[in-house]
Amino acid sequence: MAGDDGALAERIGETLVGLGWRMWPTARNTLLYVSPDGLCGAEWILAAYPFELGGLPVAWQLSARPDVAAAMTAWNAYFTGGVPCEVLADFLVALGTRPASYDGPEGHECVLNALTARGWIRDVDRPRSTATDPGFSCNISLEMLPPLVQDGDPRTDLMGWQAWAEPVLGAPYLWCASFSASVPHDLVAAFASSLASPVPVPRRTLPEGASGRLRIVRRS
């Protein structure tokens, strides 16, 4: 619920540079970062306005490919503005420190386990695929992939993790995230664990509509 403080591009850019990723601007007015091994990419694409998730424009696209000669990516993850900087940064750190040969935990239970360990609640009707925070304002769910979300697997019936924050039921989303079907579950679990963390985060500006859902500790 904390939002991105209007600094999602800068904060994530700093994280990527700190991890050794190289950056250059593109002809589409985007910023492209490439990992040291050349297998992963992160692109700030808000200026290109490629498509929307939940009515919000996608701001960051992350991708990975199996080898440097591969023309197609194996998976993609998409994040709109408003995603807490710390959560996306933790996802990138997990991606950067993950051995290339690591297959991760089997099955998708690791994502739900990461959430329930932080006090989130499994959905009564879909306990094996959906969890929500105790305030019922944020959800992570295994769903059919939204339109334009691309994956290395060409099948059309794929399921991928989707996350979104909805401060008030029926109100506009605060942010959305979409993970294509082949994103490793352990990476989504890192995102989920960070998202559900109770540790306070510093903010200058609070997102509209979320103030009633926040526990605010003011500096003296």
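You'll find the structure just up there.
Residues numbered from 1 in each chain as written. Predicted model: local features only at pLDDT ≥ 70, side-chain atom pairs only at ≥ 80, totals over all residues. Heavy atoms only, no water.

Assigned secondary structure in the protein consists of 4 helices and 11 strands. For a compact globule of 220 residues, the expected C-alpha radius of gyration is about 17 Å, and the protein comes in at 17 Å, within 12% of that figure. C-alpha extents for the protein along the principal axes are approximately 50 × 40 × 30 Å. Within the protein, the proportion of its 220 residues that are buried is 47%. By sequence separation, contacts in the protein at least 24 residues apart represent 52% of the contacts at least 6 residues apart. Element-wise, carbon and sulfur atoms account for 56% of the exposed surface of the protein, whose accessible area totals about 11,400 Å². (Helix = DSSP H or I, 4+ residues; strand = E, 2+ residues; numbered from the N terminus. Rg over C-alpha atoms; globule rule 2.2 N^0.38 Å. Buried < 20%, exposed > 50% of the residue type's maximum accessible area, 1.4 Å probe, protein only. Contact = heavy atoms within 4.5 Å. Areas by Shrake-Rupley, 256 points an atom, 1.4 Å probe, with all protein chains shown as cover.)

Turning next to the packing of helix H2 (residues 85–97) against helix H4 (residues 185–195). At their nearest, the axes of H2 and H4 sit 8 Å apart, and the two run at 150° to each other. On the basis of the axis angle, H2 is roughly antiparallel to H4. Considering how the two elements wind past one another, H2 and H4 form a crossing that is right-handed. Contact residues: H2 offers Glu-86, Val-87, Asp-90, Phe-91, Ala-94 and Leu-95, while H4 offers Leu-187, Val-188, Ala-190, Phe-191, Ser-194 and Leu-195. Here the residues of the contact of H2 with H4 are counted per class, giving 9 nonpolar, 1 polar and 2 charged. (Axes fitted to C-alpha atoms, helices over the stretch in contact; angles between N-to-C directions. Parallel < 35°, antiparallel > 145°, perpendicular 65-115°, else oblique. Left-handed = near helix turned anticlockwise from the far one by under 90°. Nonpolar A, V, L, I, M, F, W, Y, C, P; charged D, E, K, R; others polar.)

A word on the nonpolar core. In terms of nonpolar packing, the biggest core is built from 52 residues, with Trp-60, Phe-79, Leu-88, Ile-140, Trp-175, Phe-179 and Phe-191 touching the most fellow members. Among the elements that take part in this core, H2 stands out by supplying 7 residues, more than any other. Not counting residues within four places of it along the chain, the set of residues in contact with Phe-79 comprises Val-58, Ala-59, Trp-60, Leu-62, Leu-88, Cys-176, Ala-177, Phe-179 and Phe-191. One finds Ile-45, Phe-51, Leu-53 and Leu-145 within the second-largest nonpolar core, a separate group that totals 10 residues. (Core = buried A, V, L, I, M, F, W, Y, C linked by side-chain atoms within 4.5 Å.)

Phi angles above zero are rare outside glycine, and Asn-29 is one such case at about 65°. Locating Asn-29 in the fold gives a position in the loop between strand S1 (22–25) and strand S2 (31–34). A relative accessible area of 62% places Asn-29 in the exposed class. A positive phi angle is found at Leu-148, which is not glycine, with a value near 75°. Tracing the backbone through its elements, the reader meets Leu-148 in the loop between strand S9 (138–144) and strand S10 (159–165).

Turning our attention to H2. Helix length check: H2 (13 residues) gives 18 Å between terminal C-alpha atoms against 18 Å at 1.5 Å per residue, within 8%. Buried within H2 are the following residues: Cys-85, Glu-86, Val-87, Leu-88, Ala-89, Phe-91, Leu-92 and Leu-95. Packed against the buried residues of H2 are helix H1 (8–18), strand S3 (40–44), strand S5 (56–64), strand S6 (75–80), strand S11 (175–179) and H4. (Expected span 1.5 Å × (residues − 1).)

Before going further, it helps to spend a moment on the pairing of S3. Within S3, 5 of the 5 residues are buried, which leaves the element mostly enclosed by the surrounding structure. The loop that links S2 with its antiparallel partner S3 comprises 5 residues; one of these, Gly-38, has a positive phi angle of about 75°. With 5 bridges joining them, S3 and S5 adopt antiparallel strand pairing. In the strand pairing of S5, Glu-43 is matched with Gln-61. (Pairing = 2+ DSSP bridges.)

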